[in-house]
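# Structure assessment
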Amino acid sequence: MEKIGVLVVAYGARETAMVDAFTRSKNYKVQLFIADKQRNPFNVEKAAKHVVIPDLDVEKICKFAEENKANLDFAIVGPEKPIIEGARDLIEKRTGIPVICPKKQYAIEASKVEQRLLFQEIAPEANPRFKVFDPKNYKGTDAVKQAVYKWLDELQNQAVVKPDKPTAGKGVGVWGDHFTTKEQLFEHFMSNFQYGTVIIEEKIDGEESSFMAFCDGKHFAPLPATRDHKRAFDDDKGPNTGGMGSYKDASDYLPFMTKKDRENELAIAQKIFEKWSAKIQDPTALRGVPLYLAFMHTRGGPKILENNSRPGDPEIINILPVLKDDFVDVCYKMIEGKLTSVEVEKAATVLTYKVPPSYGGYADVFPNKVNKLEVDTPVDLSAAYALTRKFGDRIRVYPGSMELKNNQTCALKSRVVGVLGVGESIEEARQVSLEGINAIKGAALWSRTDIAAKQHIQKCVEHMKQLRA
Ligand code: AMP
Ligand code: GLY
């Protein structure tokens, strides 16, 4: 078997799943060099060399690449921060090692305005109505307030406020969920506007799906649709999170979508890719997952909520364990410009995350349900891992925000551990995932109980029926 070296830039369970996919390669013996946000127990065990870079600073990542250059065949970057900050440009320039992720200039996740303008040009039918508010264009609060209120009148208040840059101010706010008066909306708007440009766009009604494609820059290989559960609490209540869990059906679309919805998604994504890549001179610039589109399926077809320039966390965990192709081969094809398609098993998968008491504000909203102090305490994954004896490859336990300390695996502050179940149906996959989740002992972690649940899916199906009627 050919021996190769791969650098993985890691943040959480999404990258643990990548590491797992490399480790399970049937065609290559992969030596892993992992630049990690923390001492992730899974990654520490699998890596030939493991380095902790808490801020995932690109200079430090690049230094690690330079030190191990002689042993590296390629690198792959999962998290958004180093992608946006130009990890690929720097590593390729200094080491010549090919890096899988888009180049800095094309990591449009960095700007919601840039995304909206690009989609407006290429696929206006999928863009909600929007207006950009740039602080440079307004003299004083009154002037911007007047402009905002005028736009809200046009939208009949059905509006969503989005900072241009990720994680500025209070972030995305949705009418009806985060504010119910113009004054409250404006307060949310100002909390972001003080840091820079803000978009106010039309609020659209529908059901969400995540669309991702692996890409070599020239070709575009779509992956099956997945559904993320973004809100913190059951029944889609509470604040938005990174995603509490996700599912994929055995087919390449979701139970609340029609075949036509999937075709529409594909057509929009394909059109964006073709017209966008045609404008870019460097045929490798869009390598990686340049289009991870959050679609909202509406009465009038799919609309784009946003685009990310990386694989989704957790959504890519629904895909990697059921790839029919060897993940290393997929990576080489991305580098060589030969990736025309990706084969995925016809299996359903469900990923559920367990998170600490503070995540999503759970401990504040449900003070009686968890012990607030139990963060940073040991988590025992052994019983969950032991379920492979029962389920074989149909269960995967992926530590995310966890740290190996004094030989114990401890929970940190973000999404601690994800358990993926694989099955013939979503319900079968969900039961495997839940059994794994319930086997995790230790710190007072919690999870949503309705990830991929029948009632949740049925509600989405009914919602779409009502919209289409
Ligand atoms: P984003 O960070 O843009 O994906 O937004 C976070 C969440 O806000 C999405 O998952 C949606 O639930 C919601 N959202 C964003 N944009 C809109 C929109 N135009 N209409 C309705 N909901 C939206
Ligand atoms: N699951 C949401 C994200 O990866 O941004």
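Residues numbered from 1 in each chain as written. Chains lettered and ligands numbered in written order. Predicted model: local features only at pLDDT ≥ 70, side-chain atom pairs only at ≥ 80, totals over all residues. Heavy atoms only, no water.

## Describing the sheet that holds strand S16 (residues 292–298)
Across the sheet, four strands lie side by side as S11-S10-S16-S17; this open sheet has antiparallel pairing. A strand with exactly one partner marks an edge of an open sheet, and here the two such strands are strand S11 (220–222) and strand S17 (301–308). Averaged over all pairs of adjacent strands, the angle between their axes in this sheet comes to 35°, without regard to strand direction. Note that S16 and S17 share seven bridges and pair antiparallel. When the sheet's bridge partners are listed, Tyr292 is paired in S17 with Asn308. (Pairing = 2+ DSSP bridges. Helix = DSSP H or I, 4+ residues; strand = E, 2+ residues; numbered from the N terminus. Axes fitted to C-alpha atoms, helices over the stretch in contact; angles between N-to-C directions.)

## Concerning the pattern of salt bridges
This model, assessed by the stated rule, comprises 42 salt bridges. Ionic pairing is found between Glu80 and Arg310, a salt bridge with its closest N-O pair at 3.1 Å. Of the two residues, Glu80 is situated in helix H4 (residues 80–84) and Arg310 in the loop between S17 and helix H10 (327–336); the sequence distance between them amounts to 230 residues. According to the relative accessible area criterion, Arg310 is buried, its value standing at 10%. Of the charged contacts, one joins Arg262 and Glu265 as a salt bridge, the two residues approaching to 3.2 Å between their closest N and O atoms. (Salt bridge = Lys/Arg side-chain N within 4 Å of Asp/Glu carboxyl O. Buried < 20%, exposed > 50% of the residue type's maximum accessible area, 1.4 Å probe, protein only.)

## Some remarks on the site of ligand 2
Around ligand 2, a shell composed of Asp228, Gly242, Tyr292, Asn308, Arg310, Gly312, Asp313, Pro314 and Glu315 is seen. Within the contact set of ligand 2, a nitrogen atom lies 3.0 Å away from a backbone nitrogen or oxygen of Gly242. At 3.2 Å from an oxygen atom of ligand 2 is found a side-chain nitrogen or oxygen belonging to Tyr292. Relative to its unbound accessible area of 190 Å², ligand 2 is 90% covered by the protein chains. A breakdown of the residues in the shell around ligand 2 according to their chemical character gives two nonpolar, three polar and four charged. (Near = heavy atom within 4 Å. Polar contact = N/O pair within 3.5 Å; in protein donor to acceptor, adjacent residues only side chain to side chain. Areas by Shrake-Rupley, 256 points an atom, 1.4 Å probe, with all protein chains shown as cover. Nonpolar A, V, L, I, M, F, W, Y, C, P; charged D, E, K, R; others polar.)

## Remarks on the sheet that holds strand S7 (residues 159–163)
Pairing is antiparallel across the open sheet formed by four strands, whose spatial order is S6-S9-S7-S8. Of all the strands in the sheet, the pair left with one neighbour each is strand S6 (130–133) and strand S8 (173–174). Sheet analysis places S7 next to strand S9 (residues 198–202), joined by five bridges and oriented antiparallel. Its bridge partner being in S9, Val161 is matched across the sheet by Ile200. The strands that helix H7 (residues 141–154) touches are S6, S7 and S9; relative to S6, the one it contacts most, it runs at about 175°. Where helix H8 (residues 182–193) meets the sheet, it contacts S6, S7, S8 and S9, and its direction lies at approximately 15° from that of S7. (Contact = heavy atoms within 4.5 Å.)

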